[in-house]
Amino acid sequence: MLSCKNITELASTRLDGRILWYRKMELTVHLMMCKRCRCYVKQLNFLQKAFKLANEKAAGVFLSEDARRRIKQKLNEVTK
Ligand SMILES: [Zn+2]
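Being a predicted model, the structure only gives us computed values, none of them experimental.

Description of the overall build of the protein
A tally of helices and strands in the protein yields 4 helices and 0 strands. Start at the N end of the protein and walk to the C end: the helices and strands fall as α-α-α-α. The globule rule puts the C-alpha radius of gyration for 80 residues at 12 Å, and the 21 Å found for the protein is more than 25% above it. Among the 80 residues that make up the protein, the fraction classed as buried is 16%. A sequence separation of at least 24 residues applies to 55% of the contacts in the protein between residues at least 6 apart. Charged side chains in the protein number 18 positive and 7 negative. The centres of these two groups are separated by 6 Å.

With respect to the coordination of the zinc ion
Within the protein, Cys-4 (SG), His-30 (NE2), Cys-34 (SG) and Cys-37 (SG) serve as the donor atoms for the zinc ion, at 2.1 to 2.3 Å. Bound by 4 donor atoms, the zinc ion shows angles of 102 to 115 degrees at the metal and therefore tetrahedral coordination geometry. The buried category is assigned to His-30, whose relative accessible area is 4%. We classify Cys-34 as buried; its relative accessible area is 13%.

Details of helix H1 (residues 4–16)
In this model, H1 (13 residues) spans 19 Å end to end at C-alpha, consistent with the 18 Å of a helix rising 1.5 Å per residue. For H1, every residue scored as buried is listed here: Ile-7, Leu-10 and Ala-11. Projected down its long axis, H1 carries its buried residues within an arc of 100 degrees, all on one side. Within H1, the exposed residues directed more than 90 degrees away from the buried face are Lys-5 and Asp-16.

Description of the nonpolar core
Generally speaking, soluble globular proteins have nonpolar side chains that are buried together. Leu-2, Ile-7, Leu-10, Ala-11, Ile-19, Leu-27, Leu-31, Cys-34, Cys-37, Val-41 and Leu-44 together form the largest nonpolar core, which totals 11 residues. Residue assignment for this core shows that the elements contributing at least two residues are H1, helix H2 (21–33) and helix H3 (35–62). Those residues within four positions of Leu-44 in sequence are excluded, and the remaining contacts are Ala-11, Ser-12 and Leu-15.

Focus: the packing of aromatic side chains
Here a ring pair, both rings aromatic, is described through the centre-centre distance and the interplanar angle of the planes. Throughout the structure, instances matching the rule amount to 1 aromatic pair. When the ring of Trp-21 is compared with that of Tyr-22, the centres are 5.9 Å apart and the planes differ by 85 degrees; the resulting orientation is edge-to-face. Here Trp-21 falls in the exposed class, since its relative accessible area comes to 66%. Judged by relative accessible area, which is 38%, Tyr-22 ranks as partly exposed.

Cut-off values and rules
Residues numbered from 1 in each chain as written. Predicted model: local features only at pLDDT ≥ 70, side-chain atom pairs only at ≥ 80, totals over all residues. Heavy atoms only, no water. Helix = DSSP H or I, 4+ residues; strand = E, 2+ residues; numbered from the N terminus. Rg over C-alpha atoms; globule rule 2.2 N^0.38 Å. Buried < 20%, exposed > 50% of the residue type's maximum accessible area, 1.4 Å probe, protein only. Contact = heavy atoms within 4.5 Å. Lys, Arg positive; Asp, Glu negative; His and termini not counted. Charge placed at Lys NZ, Arg CZ, Asp CG, Glu CD. Donors = N, O, S within 2.8 Å, 3.2 Å for Na, K, Ca; no water. Tetrahedral: all angles 85-135°; square planar, octahedral: opposite > 155°, others 65-115°. Expected span 1.5 Å × (residues − 1). Arc of directions from axis to C-beta. Core = buried A, V, L, I, M, F, W, Y, C linked by side-chain atoms within 4.5 Å. Phe/Tyr/Trp six-rings, centres within 6.5 Å; stacked < 30°, edge-to-face > 60°.

Written out as structure tokens, the structure reads:
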């Protein structure tokens, strides 16, 4: 059985990409038995969603589609 340290590394790897099917099984079995790792993975998933949402909102606030269009229009006017 994998240790809790192995599980935290595996959970992080899973966020970055795909993991092998037997590793996924080991992760699932460990999470069923270990409350601390379940909590860790839950927090990891929450942080990933929060960062993704923050990035999407920041992109919308600082450079909306309308803002990009206006900037492009002004640049075209200046360079003519
Ligand atoms: Zn554990």
